[in-house]
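Residue-level listing of the chains:
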Amino acid sequence: FEEMAFFYMQKNVGSDEVVLSPDDTLTVFQTAFPKDKLIVNPSPAAHSSMNHNTPDGMIIKVGEEVNEIVSVCEYTIKPRGKDKSRQLKHFSREAILESLLGENKDDVARVIGELVGNDKALMLGDDFKIVLCRPRNVEDVSRNPERKFEFVPLFQSELFRFINAFLRDLEKAQSAST
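Since we're looking at a predicted model, the values are computed, not measured. (Residues numbered from 1 in each chain as written. Predicted model: local features only at pLDDT ≥ 70, side-chain atom pairs only at ≥ 80, totals over all residues. Heavy atoms only, no water.)

**Student:** Can you break down the overall build of the protein chain residue by residue, with the values?
**Tutor:** When helices and strands are counted, the protein chain shows 6 helices and 7 strands. Residues classed as buried in the protein chain amount to 41% of the 178 residues present. Total accessible area on the protein chain is roughly 10400 Å²; 51% of this is exposed by carbon and sulfur atoms. (Helix = DSSP H or I, 4+ residues; strand = E, 2+ residues; numbered from the N terminus. Buried < 20%, exposed > 50% of the residue type's maximum accessible area, 1.4 Å probe, protein only. Areas by Shrake-Rupley, 256 points an atom, 1.4 Å probe, with all protein chains shown as cover.)

**Student:** I'd like a description of the nonpolar core, backed by residues and values.
**Tutor:** Of all hydrophobic cores here, the largest spans 23 residues; its most connected members are Val-28, Met-58, Ile-69, Ile-96, Leu-100 and Ile-112. Residues within four places of Ile-112 in sequence aside, it is in contact with Val-28, Met-58, Ile-60 and Leu-122. Residues Ala-5, Phe-6, Tyr-8 and Ile-59 belong to the second largest nonpolar core, which totals 11 residues. (Core = buried A, V, L, I, M, F, W, Y, C linked by side-chain atoms within 4.5 Å. Contact = heavy atoms within 4.5 Å.)

**Student:** Account for the packing of helix 2 (residues 22–32) against helix 4 (residues 93–100), with residues named and values stated.
**Tutor:** Packing of helix 2 against helix 4 leaves a shortest axis separation of 9 Å and a crossing angle of 65°. Looking at the two axes, helix 2 sits roughly perpendicular to helix 4. Here Val-28, Phe-29 and Ala-32 of helix 2 come into contact with helix 4, specifically with Ile-96, Ser-99 and Leu-100. Taken together, the residues that form the contact of helix 2 with helix 4 break down as 5 nonpolar, 1 polar and no charged. (Axes fitted to C-alpha atoms, helices over the stretch in contact; angles between N-to-C directions. Parallel < 35°, antiparallel > 145°, perpendicular 65-115°, else oblique. Nonpolar A, V, L, I, M, F, W, Y, C, P; charged D, E, K, R; others polar.)

**Student:** Explain the environment of Leu-101 to me, using residue names and the numbers behind them.
**Tutor:** With respect to the helices, strands and loops of the structure, Leu-101 is situated in the loop between helix 4 and helix 5 (105–116). As for Leu-101 and Ala-32, which are separated by 69 residues in sequence, their C-alpha atoms are 8.3 Å apart.

**Student:** Give a detailed account of the pattern of salt bridges, specifying residues and quantitative values.
**Tutor:** As a working rule, side chains carrying opposite charge can pair if their charged atoms are close by. Scanning the entire structure with this criterion turns up 2 salt bridges. Put simply, Lys-61 and Asp-16 hold a salt bridge, and the shortest N to O gap is 3.9 Å. Here Asp-16 lies in the loop between helix 1 (2–11) and strand 1 (17–20) and Lys-61 lies in strand 4 (residues 57–62), a separation of 45 residues in the sequence. With its nearest N and O atoms 3.3 Å apart, the salt bridge here joins Arg-110 to Glu-114. Pair noted here: Arg-110 and Glu-114 are both in helix 5, with a separation of 4 residues, about one helical turn. A relative accessible area of 38% places Arg-110 in the partly exposed class. (Salt bridge = Lys/Arg side-chain N within 4 Å of Asp/Glu carboxyl O.)

**Student:** I'd like a rundown of the packing of helix 2 against helix 5, residues and numbers included.
**Tutor:** Two quantities define a packed helix pair, namely the angle between the helix axes and the distance between the axes. Following both chains from N to C, one finds helix 2 and helix 5 inclined at 160°, their axes separated by 8 Å at the closest point. On the basis of their axis angle, the class for helix 2 and helix 5 is roughly antiparallel. As for how helix 2 packs across helix 5, the hand of that crossing is right-handed. Judged by residue contacts, Asp-24, Thr-27, Val-28, Thr-31 and Ala-32 of helix 2 engage Asp-107, Val-108, Val-111, Ile-112 and Leu-115 from helix 5. Broken down by class, the residue content of the contact of helix 2 with helix 5 amounts to 6 nonpolar, 2 polar and 2 charged. (Left-handed = near helix turned anticlockwise from the far one by under 90°.)

Laid out in structure tokens, this is it:
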């Protein structure tokens, strides 16, 4: 789902904005926290650094004078729960300021500049948001003005049917080859 949400977000940002992939976002956070060990999860898009939560994506507004971190993105098929709420606290404006624009801010700015093709200073946008990207039928209401919801034009049930059909076909192909 993360990859589908990433491609959806790429199509739905401004012409002067770039969505960083999950891997590129991980690279940015590894730069911010170079001493952290990397935890490798089974899904290549689900890596995270050990002592810090890493969002699934970032939206960078590329400017002539400065690059702005406009949003961090979290892609999930699940409705909000305690784990997700706890994780989102790590993506607040204050947490991102401390993480990415703290001790290693020059290195972070250099890496983001390389990723977006514009080696400018880096700042946090005035209208910074946490973008939660979910399937259409996952309802979630937040009164937090820092949060914005994007709904991928796909129902959660459709995604699960696709995954189940794919796994059945994979099992058939594996049993046919043995």
